[in-house]
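Each chain, written out:
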Amino acid sequence: MENQQERMDLSQIREKLDKAKEGGLWRSIGELAERPEFEEYLHQEFPRQSASLGDFVNRRQFFKLMGASLALAGLTACHRKPQGKIVPFVKAPEDMIPGQAVFYASTIIKNGGFGVGILAETHEGRPTKIEGNELHAASLGSSDAMMQAEILNLYDPDRSQAILKFGRIDTWKVFWEEAFTEAGRQKILKGAGLRILTPNTTSPTFIRQMQAFLKEFPQAKWYQYDPVNRDNLYEGARMAFGSPLMPVYDFAQAQTIVSLDSDFLYEGPAAIHSSRKFSEARRLREGMERMNRLYVAETMPSVTGSIADHRLRAKPSQIASLGVALAQAMGVPVNGASAGELSEAQRKWVEAAAQDLKASGSDGLVTVGDQQPAALHAIACAINAFLQSRVTRYIQPAEFNPGNNLNGIKALARDIQENTVEMLLILGGNPVYNAPADLKFEELIPKVKLTAHLSRYTDETSALCVWHLPESHPFETWGDARAFDGSVSLLQPLIGQLYPDTRSALEVITTLAGVSKLPYDLVKETWAGRNIDKLVHDGVVPNTAFPSVSVSVPESVSVPSGSLPSGSDTEIAFLPDPLIGDGSNANNTWLQEIPKPTTKVCWDNVAYMSLDMAARLGVKLDLTKQSYPLMEVKVGDRTLVVPAFPLPGHADGAITLHLGYGRTRGGQNGSGAGFNAYTLRGSDSMSMASGAELSVTRQMYPVACTEAHHVFDFGTGLKSPTDYIDSSNARPIMKVGSFTDYKKDPHLPDHHHHAMEPMSMYAERNYKTYDNPDNHKYAWAMVIDPQVCTGCNACVAACQAENNISVVGKDQVIRQREMHWIRVDRYYKGPADDPELNFLPVTCMQCEKAPCEVVCPVAATVHSEEGLNQMVYNRCVGTRYCSNNCPYKVRRFNFYKYADYDTPVLKLLRNPNVTVRGRGVMEKCTYCVQRINHARIEAKKENRRIREGEIVTACQQACPAQAIAFGDMNDPNSKVSQWRKQPQHFVMLEELNVTPRTTYLARVRNYHPELAPEEHHAGDH
Amino acid sequence: MPQVFKKYHNTVARVTIFGGLFGLVGLVLTASNVSRSSYVTKAMVPLDQPVPFSHKHHYEELGIDCRYCHWSVEKSAHAGVPSTEVCMSCHSQVWTNSPLLEPMRSSMASGVPVAWNKVNDLPDFVYFNHSIHINKGIGCNSCHSGIEKMHLTYKSQAFSMAWCLDCHRKPEANIRPQGEVFNMYYKPPKNQEEVEAMMKAHGLTLKPGEEMPTNSAEFGKFLVKRYNIHVEQLDNCSVCHR
């Protein structure tokens, strides 16, 4: 504590930050600023200060604990093993083989009510892992972090289990008596006092039931509201084409893609589909002559922005100006708006984008983020129509009553104000927490006589309603949902109801309507005439995608005055949190602990801002304690205190706030984490606010940010810390280059490659004898392709679900003790203010000559015949020598008993094929050895070789960009062998000669000749 | 000055030195033997069960195949314990009034399963798979030896890791033709005549370059090769631990 470093003042390190322009890769501003704290991270596996952080025991406690543990140490072996029980079925189900997983198709409902098809791995009737459904358009077999973590939502111990009246446990019987009485009265009034609020829905069965219900109550109103919605998108289409239409893009065919603040590879109902298609086009192939080009203009670095060829940072209000300028440069007439003054960089970006769009013609497209104003969407529609873009088509929206979220919630607020509402049913959603702040829902709800809130948690809204009704998880119910393209998939219960009192929205509305049919029968009724068994088996209802709607090309776009934001010096962009979303996932510890894709912050939301802005505001960081100053953000009469977080690549003159944090009744993990940005968000500022006043306080707030965690030394014998970023002295970490270079020489040569002769301290093992395909021997290997990796973290979540990986909590993350077996490293390249982002997923490299193995005193980590670096938990005594000797820093240690052994419902969550690790045990990626063993056993039983593609690791399976290949590298035809033969194939830290089995390909960008950075020689880093 | 040590001190010294030495060795031996004894490992100790099921009666005396009840043993990691319905498929016809079978009848009537005490209970970090052993010619009684004679079921092995590894390193000592896996009375062929008879019975023929095994050890090696078992890989940690 004594040698506390002085705080890092951003205004005083400008000169050092400018070094980044020299072109190397760098990881954090602490590194650029040559901060001693960063070097600490580099050289110490666990930084020294981590022990002095917070709650370390004092001397007296230490002796007490030591004495007790000595006395008890000898007795730990003395417990008797409890007598296990075997409980067989009374009547065994026909298709279930105990010990063999069965996969069932179902659907996950994403924000906006859109479905994504899944296959759920179930063990003896309990789902444990989610995979994408290949037959489903929105999944194509891949998934994302939120889908992976949905399984934890199902088993969340904080889920509401009981029906409550004024917070006291009551019964459904009493509720229905009250509800039927009021409904009977409403029926006479034709439902004039009845209001129903739901999130957006695409479910044909639910919509059908709601419409039948509303026929009975013709004057009742059904409003839909999601805080993160597509109102602007549909309004824009209405402006351009006269009706709300939904654009669907073909990113596999598009040659030029211009994204105006659209994170299409990550956000929205089509994200996984888009990512799959985009990566298809983007992947380097030998002899490749053409590559698509992606332009992104955005405020804060997003997943899509990170893979862009030309990312332009712009304030929220400037995005629209760029759109207008682009339209004008294309020759698309826009009435009523002018681009205004553009900076040099912006003008060049617009010119290049316009030039490329024109050249691509019908293969070009412009896409706009949902949060951008409707007029900009209309402009994009006009540009796409002007291009006669064949990669853009329009379909009818899948949601019921699309684009009326804000209107709906405002109308409901008005109805309550006017005292016309006597009965309010809120089926899902959390308006008290996430409705626009100016509507003051917390004051409105209590004004209604009978309010009932159906939700999975007793949240902020439940607390103010008369009745709280516990909601079933979608995995416990029947239902259906449409995907982004309109195609339908079914929900089927993957497990019986965990809690007998929960109901789905469909059940509540049918009961209230007096329909006595079960949800299954209702779904069956909706899809009558089709083979329901086949639909349930496949999960998808074939031929239900919406056909394209032909649109007329608008002559010009008229932008009503005031519909484009005017902007100010200090703007706020509101975005859904990349993992927590609108806040509904706030209690999900997996999603809380997975670092946000581009910023690596976890467990919190912060105010992201540019480095210049941070310097102007006088932001000083305390890197020792990983603390950031709290800042007061004031918009009108609304204020919020939130940590100020300088982020390379953020637009100047704006801050970005993520929604979804600062829950007060969000469960034991959701409550108290982060800061509630909804308090600043009014109905006039749903996606951006201007004229904010910022004042930095002297109060510091610790933020768990993993950007400097598990960093490794780039170089040996470095003379000065600047050498870390001067690439000529450093060791290659990642191959980054340009497509032009790749076309010249696909090897993207680097001059380190030939410098050293392979020499190794470790015993050689020969795996090459496995060449004969009949000998059933394998050499497992993995190749990761950063060229298409968007850094979305789906792999991290999938690994966590598959391998029973514990969460450790914010406090432990700050001490660099997060347990993720795969991490996605982020490397910046270029100027500190506006760098390019490159992602590099790092797993255990399964080195053939593994440095970790030779130092283990108890042989708890040893090599297998197939080249796996095995980790034997039951042998490990926790010396951590292995981790210390790991050059890639991929080993994780259980400092505490992180795994929850006690909560009964969480026991259902575990993968039964992977050990749940206890305290004091090292763990790491095993290449999903349980899946390898399963495949090997099945192949051996059939006396055949394991087929190519039979083993899919969890990370590989989830990856929406298909950036991971896994297989037998001795089989010359395997995908992994093919990738290893690619000229741009690259071995991280090759000169250590540990011959890792996990290797990489290169990342190249397809620069516009005019905009290419001056210095982009491949291999310089 | 009188003698400090009296004559009897010689005896005391001898007893202390030898007693201490032997006592220490004895203590170590006792501890190690106790920890391997069936008192600790529960090997050879029959457990109480809701129904005193006899493997001897059902297998040896009635000749019911193992897979009638343990039907998933060839397909899954778990051999499977029969559902109440399987028991009642016979016992709704025979011994219908036996008081010993009351738990099964009430389970069938109430739908509440019978909870058996687990006899062969491996540690949670061991991932044993029945199906691969069965499919590769390891007989049931290689691990569950004497099961055909058990009136009450007990585990016949302590299942120490060393015991598992013995076989994983030398599977030829225990392997048998796949057709003999469920035969609890299998005897490995001792001489060439018996080997030839055994091979004929199971349709095993020599491939070019193979020599006719002449004793049980050679026959074991022949089967290991024939069943494509990679012995060098069998003692890899991740085969059982993950």
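Here, the structure is the one placed above.
No experiment lies behind these values; they were computed from the predicted model shown. (Residues numbered from 1 in each chain as written. Chains lettered and ligands numbered in written order. Predicted model: local features only at pLDDT ≥ 70, side-chain atom pairs only at ≥ 80, totals over all residues.)

1. Things to note about the overall build of chain A
Scanning chain A for helices and strands turns up 33 helices and 46 strands. Its C-alpha atoms give chain A a radius of gyration of 28 Å, near enough to 31 Å, the size a compact globule of 1021 residues would have. Projected onto the principal axes, the alpha-carbon positions of chain A cover approximately 90 × 75 × 65 Å. When the 1021 residues of chain A are sorted by exposure, 58% land in the buried category. Across chain A, the fraction of contacts at a sequence separation of at least 24, relative to all contacts at a separation of at least 6, is 75%. (Helix = DSSP H or I, 4+ residues; strand = E, 2+ residues; numbered from the N terminus. Rg over C-alpha atoms; globule rule 2.2 N^0.38 Å. Buried ≥ 20, exposed ≤ 12 C-beta atoms within 10 Å, placed from the backbone. Contact = placed C-beta atoms within 7 Å.)

2. Let's talk about the overall build of chain B
A tally of regular secondary structure across chain B gives 13 helices and 1 strand. A principal-axis box enclosing the C-alpha atoms of chain B has dimensions of 95 × 60 × 35 Å. Split into buried and exposed, the 242 residues of chain B put 23% on the buried side. By sequence separation, contacts in chain B at least 24 residues apart represent 69% of the contacts at least 6 residues apart.

3. Section: the sheet that holds strand β10 (residues 221-224) of chain A
Residue and element names in this part refer to chain A. Read from one edge to the other, the open sheet built from 7 strands follows the order β8-β7-β20-β19-β18-β9-β10, with strand pairing classed as mixed. Edge positions in the sheet fall to β8 (168-169) and β10, since each of these pairs with one other strand and no more. Where strand β18 (residues 423-427) and strand β19 (residues 450-455) come together, 5 bridges link them in parallel fashion. Note that in β19 the partner of Leu 424 across the bridge is Thr 451. Lying on the sheet, helix α19 (residues 505-512) is in contact with β9 (194-198), β18, β19 and β20 (467-470); it crosses β18 at an angle near 150 degrees. (Pairing = 2+ DSSP bridges. Axes fitted to C-alpha atoms, helices over the stretch in contact; angles between N-to-C directions.)

4. Focus: helix α20 (residues 519-526) of chain A
Along an α-helix, residues three or four positions apart point the same way, because every turn accommodates 3.6 residues. Residues and elements named next belong to chain A. Taken together, the buried positions of α20 are occupied by Pro 519, Leu 522, Val 523 and Thr 526. Angular distribution of buried residues about the axis of α20 spans 95 degrees; they occupy a single face of the element. For α20, the elements touching its buried residues are α8 (204-216), β21 (479-482), β22 (488-491) and α19. (Arc of directions from axis to C-beta.)

5. Overview of the sheet that holds strand β45 (residues 998-1000) of chain A
Residue and element names in this part refer to chain A. An order of β44-β37-β45 is seen for the 3 strands of this open sheet, with the pairing classed as mixed. With partners counted over all chains shown, the strands left at the sheet margins are β44 (964-968) and β45, one partner each. Going across the sheet, the axis of each strand differs from the next one's by a mean of 20 degrees, ignoring polarity. Relative to β45, strand β37 (residues 780-784) runs parallel, the two sharing 3 bridges. For Ile 784, the partnering residue across the bridge sits in β45 and is Tyr 1000.

6. Quick word on the environment of A:Gln812
Residue and element names in this part refer to chain A. Mapped onto the fold, Gln 812 is located in helix α27 (residues 810-814). Residue Gln 812 is classed as partly exposed on the basis of its 19 C-beta neighbours within 10 Å. It is 25 Å that separates the C-alpha atoms of Gln 812 and Asp 144, two residues lying 668 residues apart in sequence.

7. Some points on the interface of chain A and chain B
Taken residue by residue, the interface counts 35 residues in chain A and 37 residues in chain B. Counting only elements with at least two residues in the side of chain A that touches chain B, the list comes to β3 (85-86) and α31 (929-941) of chain A. Top contributing element to the side of chain A that touches chain B by residue count: α31(A), with 6 residues. Looking at the side of chain A that touches chain B, its residues break down into 15 nonpolar, 14 polar and 6 charged. (Nonpolar A, V, L, I, M, F, W, Y, C, P; charged D, E, K, R; others polar.)

8. Quick word on the nonpolar core
Formed by 292 residues in total, the largest nonpolar core has its most connected members in A:Ile379, A:Ile383, A:Ile572 and A:Ala607. Ranked by residues supplied to this core, first place goes to helix α14 (residues 374-386) of chain A with 10 residues. In this structure, B:Ile138, B:Ile175, B:Val181 and B:Leu223 belong to the second largest nonpolar core, which totals 15 residues. (Core = buried A, V, L, I, M, F, W, Y, C linked by C-beta atoms within 7 Å.)

9. As for unusual backbone geometry
All names here are of chain A. The phi angle at Gln 388 is positive, at roughly 50 degrees, despite the residue not being glycine. For Gln 388, the position within the fold is in the loop between α14 and β17 (392-395). Not every positive phi belongs to a glycine, and Lys 889 is a case in point at roughly 55 degrees. Its place among the elements puts Lys 889 in the loop between α29 (881-884) and β42 (892-893).

10. Section: the packing of helix α6 (residues 145-154) of chain A against helix α26 (residues 794-802) of chain A
All names here are of chain A. The contact between α6 and α26 brings their axes to 7 Å, and the two run at 25 degrees. On the basis of the axis angle, α6 is roughly parallel to α26. Where α6 crosses over α26, the handedness of that crossing is left-handed. Facing α6, whose interface residues are Ala 145, Gln 148, Ala 149 and Ile 151, α26 presents Ala 794, Val 796, Ala 797, Ala 798 and Ala 801. (Parallel < 35°, antiparallel > 145°, perpendicular 65-115°, else oblique. Left-handed = near helix turned anticlockwise from the far one by under 90°.)

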